[in-house]
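A closer look at the structure
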Amino acid sequence: AESSARRPAIEDASRALAQDVQSERGLLGAILLTRGAEEFAILMSSLPPLLPQDFSTSVAREIWLALVACIECFGVVDSMLLEDELKRRGVLGANVNSAHIAACVASAIQSYAKHYATRVLEASVVREARRRLTNVATTMDPDVLDAEVSAVLEEVLARRKVSNSAPLLKQQ
């Protein structure tokens, strides 16, 4: 009884965490606001490694992929390079527009970039665990399900453990 009484609070918290769009925008904007290669390198080395699927929206994923491409090509990124890369990929205007980029910049406070990145990664872990448990959840009793949720979260977190030496721009 106690397990099922706790479940709504857990589900509400994980639902809120699983789509932290403001943190995603803030992180992308903070990266766009870096000034020069040295500042950019310092910021990137302080962030956990992220994958495109760590972002909850297709817009954020497209912007992230374009940021990565700009960084790999030029070593830095700004809004003009980003828009050019989005055009090259065929998503500017179709899926992403200048207002999305402006929203990222408006949401950014550079000193919070590590916090933003951590929240993006945490939300990704919750989404992945939820996806893996969807089929199992309908067949298990509440206590077994809670144990399975804990086991999956521990496994996912261990697999995605943040390392200062791991590159942020990890491709898959």
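Below, the structure is looked at part by part. (Residues numbered from 1 in each chain as written. Predicted model: local features only at pLDDT ≥ 70, side-chain atom pairs only at ≥ 80, totals over all residues. Heavy atoms only, no water.)

Here we look at the overall build of the protein
Per the secondary structure count, the protein includes eight helices and zero strands. Reading the protein from its N terminus to its C terminus gives the helix and strand order α-α-α-α-α-α-α-α. When each of the 172 residues of the protein is scored for burial, the buried share is 38%. For the protein, long-range pairs separated by at least 24 residues make up 74% of all intrachain contacts whose partners lie at least 6 apart in sequence. (Helix = DSSP H or I, 4+ residues; strand = E, 2+ residues; numbered from the N terminus. Buried < 20%, exposed > 50% of the residue type's maximum accessible area, 1.4 Å probe, protein only. Contact = heavy atoms within 4.5 Å.)

Observations regarding the packing of aromatic side chains
Overall, the coordinates contain two aromatic pairs when judged by the stated rule. Ring geometry for Phe 55 against Trp 64: centres 5.1 Å apart, planes inclined by 35 degrees, an arrangement best described as tilted. Each member of the pair, Phe 55 as well as Trp 64, carries the same accessibility label: buried. (Phe/Tyr/Trp six-rings, centres within 6.5 Å; stacked < 30°, edge-to-face > 60°.)

Description of helix H2 (residues 21-32)
Between its first and last C-alpha, H2 extends 17 Å over twelve residues, near the 16 Å set by a 1.5 Å rise per residue. Within H2, nine of the twelve residues are buried, which leaves the element mostly enclosed by the surrounding structure. Buried within H2 are the following residues: Ser 23, Glu 24, Gly 26, Leu 27, Leu 28, Gly 29, Ala 30, Ile 31 and Leu 32. (Expected span 1.5 Å × (residues − 1).)

Some details on helix H5 (residues 79-88)
Taken residue by residue, H5 has Leu 82, Glu 85 and Leu 86 as its buried positions. Across the axial projection of H5, the buried residues extend over an arc of 100 degrees, all falling on one side. Facing away from the buried side of H5 by more than 90 degrees, the exposed set consists of Met 80, Lys 87 and Arg 88. On the buried face of H5, the contacting elements are H2, helix H4 (58-74) and helix H6 (98-107). Positive phi appears at Gly 90, one or two residues downstream of H5, with a value of about 80 degrees. (Arc of directions from axis to C-beta.)

Topic: the environment of Ala 108
Note that Ala 108 resides in the loop between H6 and helix H7 (113-137). Relative accessible area serves as the criterion here: at 14%, Ala 108 is assigned to the buried category. In this structure the C-alpha to C-alpha distance between Ala 108 and Leu 33, which are 75 residues apart in sequence, comes to 8.0 Å. Residue contacts for Ala 108: discarding those within four places in its chain leaves Gly 26, Gly 29, Ala 30, Leu 33 and Tyr 116.

Overview of the environment of Leu 47
Locating Leu 47 in the fold gives a position in the loop between helix H3 (36-45) and H4. Along the primary structure Leu 47 and Ala 113 are separated by 66 residues, whereas in three dimensions their C-alpha atoms are 7.4 Å apart.

Some points on the pattern of salt bridges
Summed over the entire model, instances satisfying the criterion amount to three salt bridges. Between Asp 20 and Arg 119 there is a salt bridge; the shortest N-O distance is 2.4 Å. Note that Asp 20 is positioned in the loop between helix H1 (2-18) and H2 and Arg 119 in helix H7, a separation of 99 residues in sequence. A residue is classified by how much of its surface remains accessible, and Asp 20, at 8% relative accessible area, is buried. As a salt-bridge pair, Glu 85 and Arg 88 come within 2.7 Å of each other at their nearest N and O atoms. Of the two residues, Glu 85 and Arg 88 are both situated in helix H5; the distance of three residues between them amounts to about one turn of the helix. In the salt-bridge network here, residues are joined through shared partners; they are Glu 85, Arg 88 and Arg 89. (Salt bridge = Lys/Arg side-chain N within 4 Å of Asp/Glu carboxyl O.)

Some thoughts on the nonpolar core
Membership of the largest hydrophobic core comes to 33 residues, with the highest contact counts inside it found for Leu 27, Ile 31, Ile 63, Leu 67 and Leu 82. If we skip the residues at most four places from it in the chain, Ile 63 touches Leu 28, Leu 82, Leu 86, Val 96, His 100, Ile 101 and Cys 104. (Core = buried A, V, L, I, M, F, W, Y, C linked by side-chain atoms within 4.5 Å.)

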